[in-house]
Amino acid sequence: MVVLRREIGDVLRGARQGQGRTLREVSSAARVSLGYLSEVERGQKEASSELLFSICEALNIPLSVVLREVSDRVALAEGVAIPDTIPADFLSQFGHEDLATV
């Protein structure tokens, strides 16, 4: 069974680590406690839409890109093939080409 909060956490953690940033840096920029961000990344807490937006801003990643990656992961787990419609050059403008493979 797919647990949405785990997929969201995995994508956020992958983006943060891909940028070489620490939990402390991102939690400070997102104005969320370090412990709470850690729990979100580990899929132990459900993040509100406001908190997700704040974390994405801190990571300089559009929320829509994170949600798309989560959607792709869920589709894969469900065995549903959804064509990729996010061009790599779009992701590269945010410095996050790695999200296409997270």
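Our structure's up above, just so we're on the same page.
Cut-offs applied
Residues numbered from 1 in each chain as written. Predicted model: local features only at pLDDT ≥ 70, side-chain atom pairs only at ≥ 80, totals over all residues. Heavy atoms only, no water. Helix = DSSP H or I, 4+ residues; strand = E, 2+ residues; numbered from the N terminus. Buried < 20%, exposed > 50% of the residue type's maximum accessible area, 1.4 Å probe, protein only. Contact = heavy atoms within 4.5 Å. Areas by Shrake-Rupley, 256 points an atom, 1.4 Å probe, with all protein chains shown as cover. Salt bridge = Lys/Arg side-chain N within 4 Å of Asp/Glu carboxyl O. Axes fitted to C-alpha atoms, helices over the stretch in contact; angles between N-to-C directions. Parallel < 35°, antiparallel > 145°, perpendicular 65-115°, else oblique. Left-handed = near helix turned anticlockwise from the far one by under 90°. Nonpolar A, V, L, I, M, F, W, Y, C, P; charged D, E, K, R; others polar.

Let's shift gears to the overall build of the protein. Scanning the protein for helices and strands turns up 6 helices and 0 strands. Within the span of the protein, comprising 102 residues, buried residues form 37% of the whole. Of the contacts made within the protein by residues no fewer than 6 positions apart, 66% connect residues no fewer than 24 positions apart. Surface summary for the protein: the accessible area is close to 5,900 Å², and the carbon and sulfur share equals 53%.

This model, assessed by the stated rule, comprises 8 salt bridges. Note that Arg 5 and Glu 46 form a salt bridge whose closest N and O atoms lie 3.7 Å from each other. Taken together, the positions of Arg 5 in helix H1 (residues 4-18) and Glu 46 in the loop between helix H3 (34-41) and helix H4 (49-59) put the pair 41 residues apart, joining distant regions of the chain. Classification of Glu 46 by relative accessible area gives exposed; the value is 54%. Asp 10 serves as the salt-bridge partner of Arg 73, at 3.8 Å between the closest nitrogen and oxygen. Of this pair, Arg 73 sits in helix H5 (residues 63-78) while Asp 10 sits in helix H1; the two residues are 63 residues apart in sequence, bridging distant segments of the chain. Each of the salt bridges in this network shares a partner with another, and the network as a whole consists of Glu 7, Asp 10, Arg 13, Arg 16, Glu 41, Glu 69 and Arg 73.

Turning next to the packing of H1 against H4. For any two helices packed against each other, one specifies the inter-axial angle together with the distance between the axes. Direction vectors running N to C along H1 and H4 enclose 20°, while the axes themselves pass 10 Å from each other. Judged by the inter-axis angle, H1 sits roughly parallel to H4. Our pair here, H1 against H4, has a crossing hand that is left-handed. Together, Ile 8, Leu 12, Ala 15 and Arg 16 of H1 and Leu 52, Ile 55, Cys 56 and Leu 59 of H4 make up the contact between the two elements. Along the lines of polarity and charge, the residues of the contact of H1 with H4 split into 7 nonpolar, no polar and 1 charged.

Here we come to the packing of helix H2 (residues 23-30) against H3. Packing of H2 against H3 leaves a shortest axis separation of 9 Å and a crossing angle of 110°. Put simply, H2 runs roughly perpendicular to H3. Each of Leu 23, Arg 24, Val 26 and Ser 27 in H2 lies in contact with H3, whose residues at this interface are Leu 34, Leu 37, Ser 38 and Glu 41. Along the lines of polarity and charge, the residues of the contact of H2 with H3 split into 4 nonpolar, 2 polar and 2 charged.

For the rest of this paragraph, the subject is the environment of Ser 28. Inspection of the secondary structure puts Ser 28 in helix H2. Taking relative accessible area as the criterion, Ser 28 reaches 54% and is therefore assigned exposed. With 30 residues separating them along the chain, Ser 28 and Ala 58 place their C-alpha atoms 8.5 Å apart.

Now for unusual backbone geometry. Notably, Arg 31 is not glycine yet its phi reads approximately 55°, a positive angle. Backbone geometry at Asn 60 places phi at a positive 60°, although glycine is not the residue there. Positionally, Asn 60 belongs in the loop between H4 and H5.

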